[in-house]
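Analysis of the macromolecular model
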Amino acid sequence: MTSSAESRSNPTAWAAFWVALAGLLLMPIPLFIGLIVGGGLSIIAAVLAVIALLKGLARSGKGIAPVVFAAIFIALTWGGISIGGGVIW
């Protein structure tokens with residue numbers, strides 16, 4: 001038997017959320033460190049978000065709210081990198 005809290009959670013979605021948040025917070029580090037670390041973490045978060053989205057949609061959309069926030073964090077990270085975040089001093 002599983003509790004209702006266990007059946008509603010999507011651990012892959014929460015992993016995507018936390019990895020995307022870490023990528024967003026680490027992206028501004030200068031001298032290409034933020035570009036590599038933040039960009040790498042955002043790519044990992046994007047893969048996790050797609051997996052979590054597919055798992056969530058298979059369960060009638062339960063647990064996809066963290067995926068939405070992860071997608072926002074990923075977009076902010078990529079947008080920051082595109083304007084020079086992690087590259088310039």
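Data block above holds the structure.
Residues numbered from 1 in each chain as written. Predicted model: local features only at pLDDT ≥ 70, side-chain atom pairs only at ≥ 80, totals over all residues. Heavy atoms only, no water.

A few words now on the overall build of the chain. Along the backbone of the chain there are four helices and zero strands. Here the chain holds 89 residues, and the buried ones make up 33% of them. Sequence separation of at least 24 residues holds for 80% of the intrachain contacts in the chain that already meet a minimum separation of 6. In the structure as shown, the chain presents an accessible area of about 5400 Å², 79% of it carried by carbon and sulfur atoms. (Helix = DSSP H or I, 4+ residues; strand = E, 2+ residues; numbered from the N terminus. Buried < 20%, exposed > 50% of the residue type's maximum accessible area, 1.4 Å probe, protein only. Contact = heavy atoms within 4.5 Å. Areas by Shrake-Rupley, 256 points an atom, 1.4 Å probe, with all protein chains shown as cover.)

This part is about the packing of aromatic side chains. In total, this model carries three aromatic pairs according to the counting rule given. Seen in terms of ring centroids, W14 and F17 are 5.5 Å apart; in terms of plane orientation they differ by 75°. Their pairing is edge-to-face. Taken as a pair, W14 and F17 lie in helix 2 (residues 11-26) at a separation of three residues, close to a single helical turn. Residue class for W14 comes out partly exposed when judged on its relative accessible area of 41%. Ring geometry for F17 and W18: centres 5.0 Å apart, planes at 85°, overall edge-to-face. Overall, the relative accessible area of 52% leaves W18 in the exposed class. Taken together through their ring pairs, the aromatic side chains of W14, F17, W18 and F73 make up a single cluster. (Phe/Tyr/Trp six-rings, centres within 6.5 Å; stacked < 30°, edge-to-face > 60°.)

This next bit is on helix 4 (residues 65-82). Taking 1.5 Å as the rise per residue, helix 4 with 18 residues should run 26 Å; its terminal C-alpha atoms sit 26 Å apart, in good agreement. Every buried residue of helix 4 is accounted for by P66, V67, A70, F73, I74, T77, G80 and I81. The arc that holds every buried residue of helix 4, seen down its axis, measures 145°, which confines them to one face. At its buried positions, helix 4 is contacted by helix 2 and helix 3 (33-58). Phi turns positive one or two residues past the end of helix 4, at G84, with a value near 110°. (Expected span 1.5 Å × (residues − 1). Arc of directions from axis to C-beta.)

Moving on: the packing of helix 2 against helix 4. The contact between helix 2 and helix 4 brings their axes to 8 Å, and the two run at 25°. Judged on the interaxial angle alone, helix 4 and helix 2 are roughly parallel. Handedness of the helix 2/helix 4 crossing: left-handed. Side by side, helix 2 and helix 4 meet where A13, W14, A16, F17, A20, L21, G23 and L24 of the first sit next to P66, V67, F69, A70, F73, I74, L76 and T77 of the second. (Axes fitted to C-alpha atoms, helices over the stretch in contact; angles between N-to-C directions. Parallel < 35°, antiparallel > 145°, perpendicular 65-115°, else oblique. Left-handed = near helix turned anticlockwise from the far one by under 90°.)

No statement about biological role is implied by the geometric values presented.
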